[in-house]
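As a plain string of letters, each chain reads:
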Amino acid sequence: MKNYVNISDLNNLQNTVQDAIDLKKNELQSKTLGEGKTICLLFFNNSLRTRLSTQKAAQNLGMHTIVMNFGNEGWQLEFEDGVVMNENKSEHIKEAAKVIAQYCDIVAIRAFASLTDKEKDNAEMVINSFIKYAGIPVVNMESATKHPLQALADAITMEEFKTTKKPKVVLSWAPHPKALPHAVANSFVEMMQLQEADFVITHPEGYELNSEITKNSRVEYNQEKAFENADFVYVKNWSSYKDYGQVIKKDADWMITEAKMKLTNNGKFMHCLPVRRNVVVTDEVIDSENSLVIEQANNRTYAAQIVLKKILEKIG
Ligand SMILES: CCC[C@H](NC(=O)CCC(=O)O)C(=O)O
Ligand SMILES: NC(=O)OP(=O)(O)O
């Protein structure tokens, strides 16, 4: 595997999940694989889990890490070709990407969606520019449309906690005061499409995700109906895709409550974090024994570590 930008970059999701679960048993088993190698972790947006888990994963493999809050420490980058750079952009991605590649063997990038320019977001301009110009492996730490490290961690977690071969899994929208990206939901959908599961997406009308991603995944507009007999309830807010980047309705009654979780088959509650308590989910639900949010966060290290291990094995 050269780059890890989408969950589909994995040769086989199920095998990778098993590899990660094996790795968890002895996380330092490949502690010399990355010796002499450096990874640059570039953040154009905030992070807790991704930043700490990816750095830990690299260190578990013996790598050096360089972490940079590019958004407020680096130069404003120009991504368009042929532009006269006489305004607020100090450096072109062509130089920046090639320069960064002089300092590291792998570059990992977090650059959220603009949520204002659907075309540029869908084109994945930032991460694809790094792939084009850096010439070294690129890892996606949440881009404009995808969050594959989160999706892999979620797959690991469901494998560890599923009690049936074909669980019912619900991706449920929940309200949020801000307009949030589609990336986490998109990668969760793509990951579920690679799994043996009874998968259903539930959200209010107007919050349909990009149909090029959801394809023929089932959508149920009645949240409580979707929750019936669910084994896993994965919850995330996202802004409207149709009215791009808009919060078209806040629908407080879509918040996840104990009463809704009672409709499930003793279902597990999942969320990528950070989460707005008592907006997205009640304290009772996220604090319950059926909440897997901390297990998910722990598995972020092993998701990143198995990805970096496979990239390092290819680099040689
Ligand atoms: C891993 C999730 C990162 C990000 N979440 C947020 O931006 C939440 C921000 C907030 O709640 O203020 C998102 O929804 O994509
Ligand atoms: N879930 C996740 O990616 O968390 P951070 O945004 O804190 O990295």
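Everything in this summary refers to the structure shown in the same document. Counting starts from 1 at the beginning of each chain's written sequence and moves along it residue by residue. Following the order in which they are written, the chains are lettered starting with A and the ligands numbered starting with 1. With pLDDT at 70 or above as the cut-off, local features in this predicted model cover only qualifying residues; side-chain atom pairs require 80 or more to be listed or tallied, and sums for whole chains, interfaces and linings still use all residues. The side-chain figures draw on all heavy atoms in the structure; neither hydrogens nor water molecules are used.

1. Here we look at the pattern of salt bridges
Part 1: A pairing counts as a salt bridge when a side-chain nitrogen of Lys or Arg comes within 4 Å of a carboxyl oxygen of Asp or Glu. By the definition in use, this model includes 16 salt bridges.
Part 2: In this structure, Asp283 engages Arg277 in a salt bridge whose closest nitrogen and oxygen atoms are separated by 2.8 Å.
Part 3: Exposure is judged per residue with a 1.4 Å probe applied to protein chains only, and the accessible area is read against the type maximum: over 50% gives exposed, under 20% gives buried, and values in between give partly exposed. Residue class for Arg277 comes out partly exposed when judged on its relative accessible area of 39%.
Part 4: Sharing partners across several salt bridges, the network here consists of Arg277, Asp283 and Asp287.

2. Describing the site of ligand 2
Part 1: For ligand 2, the full set of nearby residues is Ser47, Leu48, Arg49, Thr50, Arg110, His147, Gln150, Cys272, Leu273 and Arg300.
Part 2: Residue Arg110 places a side-chain N or O atom 2.8 Å away from an oxygen atom belonging to ligand 2.
Part 3: Counted as a polar contact is a pair of N or O atoms within 3.5 Å, where, for protein atoms, one must be capable of donating a hydrogen and the other of accepting one, and residues adjacent in sequence contribute only when both atoms are in side chains. At 2.9 Å from a nitrogen atom of ligand 2 is found a main-chain nitrogen or oxygen belonging to Leu273.
Part 4: All accessible areas in this document rest on Shrake-Rupley with a 1.4 Å probe, and a residue is counted as covered only by the protein chains that are shown. For ligand 2, the accessible surface in isolation is 260 Å², of which the surrounding protein chains cover 93%.
Part 5: In this count, Pro and Cys sit with the nonpolar residues alongside Ala, Val, Leu, Ile, Met, Phe, Trp and Tyr, while Asp, Glu, Lys and Arg are called charged and the others, Gly among them, polar. Residues that form the shell around ligand 2 fall into these classes: 3 nonpolar, 4 polar and 3 charged. The rule for a residue being near a molecule or strand is that one of its heavy atoms must lie within 4 Å of it.

3. Some words on unusual backbone geometry
Part 1: Of note, the amide linkage connecting Leu273 to Pro274 takes the cis form, showing an omega dihedral of 0°.
Part 2: With respect to the helices and strands, Pro274 occurs in the loop between strand S11 (268–270) and helix H12 (283–286).
Part 3: For Lys215, which is not glycine, the phi dihedral falls at a positive 50°.
Part 4: Inspection of the secondary structure puts Lys215 in the loop between helix H9 (211–214) and strand S9 (218–220).
Part 5: The phi dihedral of Leu273 is positive, around 65°, even though this residue is not glycine.
Part 6: Helix and strand assignments come from DSSP, with helices taken as H or I runs of at least 4 residues and strands as E runs of at least 2, each series counted from the N terminus. Its location among the elements puts Leu273 in the loop between S11 and H12.

4. Let's talk about the side chain of Gln305
Part 1: Along the chain, the position of Gln305 falls in helix H13 (residues 293–315).
Part 2: The exposure class of Gln305 is buried, given its relative accessible area of 0%.
Part 3: A distance of 2.8 Å separates the side chain of Gln305 from the side chain of Asn60, its partner in a polar contact.
Part 4: With near-sequence residues (within four places) excluded, Gln305 lies in contact with Leu23, Glu27, Ala57, Asn60 and Leu61. Note on definitions: a residue-residue contact is assigned when non-hydrogen atoms from the two residues lie within 4.5 Å.

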